[in-house]
Amino acid sequence: QEHTVYMRYRGQGHEIPVRLAGKINYAHADGQWLLARFEEEYARHFHRIIPGMQVECLTWGLRLTHEAARRIDAPASALTRHASVAQKQQDLTDLASLTSSPAKVYLRENLRPGSELAGPAIIAESETNTVVPAGFTLAVNGHQHLVLHYQREAL
């Protein structure tokens, strides 16, 4: 776990992150302790402190991490190839070349593990869309993740 508090001298327009490393014993972490952490970090950045100036804590953050169990993809032989049916077609502009081309639109909920399609395409979901540019293919893996692959042209 990592605790961070963004602090500044009152009246300043910017704050600095003060990382509170390790496990914190909150019984001993009073205002003076926190002020000392701020002054250490401020001096590290600016090579000085401003004695007697009030300090503000603006934002508190906590980051927790946990090692996730290793995922194992379903073997390719377990995937059944599915033909995906486009719901409609619309123009898609390639921002690299600034050209438009027709793209098929697929509903994400209709894509099953083993589904494959070639770009240009749009995968529509209720919260977002995934664009599959020309030159890419999309496959749905055994965990139902969308995996895009760039198809390199032969030299």
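Residues numbered from 1 in each chain as written. Predicted model: local features only at pLDDT ≥ 70, side-chain atom pairs only at ≥ 80, totals over all residues. Heavy atoms only, no water.

1. Regarding helix 1 (residues 31-46)
What counts here: Labels follow the DSSP assignment, with helices taken as runs of H or I lasting at least four residues and strands as runs of E lasting at least two, numbered in each case from the N terminus. A helix is expected to span 1.5 Å multiplied by its residue count minus one. When accessible area is computed with a 1.4 Å probe and restricted to protein chains, residues below 20% of their type maximum are described as buried, those above 50% as exposed, and intermediate ones as partly exposed. Working definition: the arc comes from the directions between the helix axis and the C-beta atoms, pointing outward to the latter.
Between its terminal C-alpha atoms helix 1 stretches 22 Å, which fits the 22 Å expected from 16 residues at 1.5 Å a residue. Restricting attention to buried positions, one finds in helix 1 the residues L34, F38, E41 and Y42. When helix 1 is viewed along its axis, its buried side chains cluster within an angular range of 100° and face the same direction. Residues of helix 1 that are exposed and angled more than 90 degrees away from the buried face: Q32 and R44.

2. With respect to the packing of aromatic side chains
In plain terms, the rule: In this analysis, rings of Phe, Tyr and Trp, with Trp reduced to its six-membered ring, are considered paired at centre separations within 6.5 Å, and the interplanar angle assigns stacked below 30 degrees, edge-to-face beyond 60, and tilted for intermediate values.
Enumeration according to the criterion identifies five aromatic pairs in this entry. When the ring of Y9 is compared with that of Y42, the centres are 4.7 Å apart and the planes differ by 75°; the resulting orientation is edge-to-face. Of this pair, Y9 sits in strand 1 (residues 2-9) while Y42 sits in helix 1, placing them 33 residues apart in sequence. Assessed through its relative accessible area of 4%, Y42 is described here as buried. An angle of 45° between the planes, with centres 5.5 Å apart, marks the rings of F38 and Y42 as tilted. Of this pair, F38 and Y42 are both found in helix 1, four residues apart, which corresponds to roughly one turn of the helix.

3. Concerning the sheet that holds strand 10 (residues 146-150)
Across a sheet, strands are paired by hydrogen bonds formed along the backbone, either parallel or antiparallel in direction. Going by this rule: Strands are labelled as partners when DSSP assigns at least two bridges between them. Lines fitted to the C-alpha atoms define the axes, with helices restricted to the stretch that makes contact. Angles between their N-to-C directions range from 0 to 180 degrees.
Reading across from one edge, 6-9-10 is the order of the three strands in this open sheet, with antiparallel pairing throughout. Bordering the open sheet on either side are strand 6 (116-118) and strand 10, each of which pairs with just one other strand. Taken pair by pair, the neighbouring strands of this sheet meet at an average axis angle of 20°, ignoring direction. Pairing between strand 9 (residues 136-140) and strand 10: five bridges, direction antiparallel. Each bridged residue has a counterpart across the sheet, and for T137 the counterpart in strand 10 is H149.

4. Some remarks on the nonpolar core
Keep this limit in mind: Put simply, buried Ala, Val, Leu, Ile, Met, Phe, Trp, Tyr and Cys residues joined by side-chain atoms within 4.5 Å make one nonpolar core. The criterion used for residue contact is that any of the two residues' heavy atoms lie within 4.5 Å.
Counting residues in hydrophobic clusters, the biggest one holds nine residues: V5, M7, Y9, I16, V18, L20, L34, F38 and Y42. Those elements that provide at least two residues to this core are strand 1, strand 2 (16-20) and helix 1. Leave out the neighbours within four places in its chain, and L20 touches H3, V5, W33, L34, R37 and W60. Listed in part, the eight residues of the second largest apolar core include Y106, L117, A121 and V140.

5. With respect to the side chain of E41
Short version of the rule: Whenever a nitrogen or oxygen atom comes within 3.5 Å of another N or O atom, the pair is scored as a polar contact, on the condition that within protein one atom can donate a hydrogen and the other can accept it, and that pairs from neighbouring residues in sequence are kept only if both atoms are in side chains.
Along the chain, E41 turns up in helix 1. Among the polar contacts made by the side chain of E41, one reaches the side chain of R44 at a distance of 2.7 Å. Look past the residues within four positions of E41 in its chain and what remains in contact with it is I16, P17 and V18.

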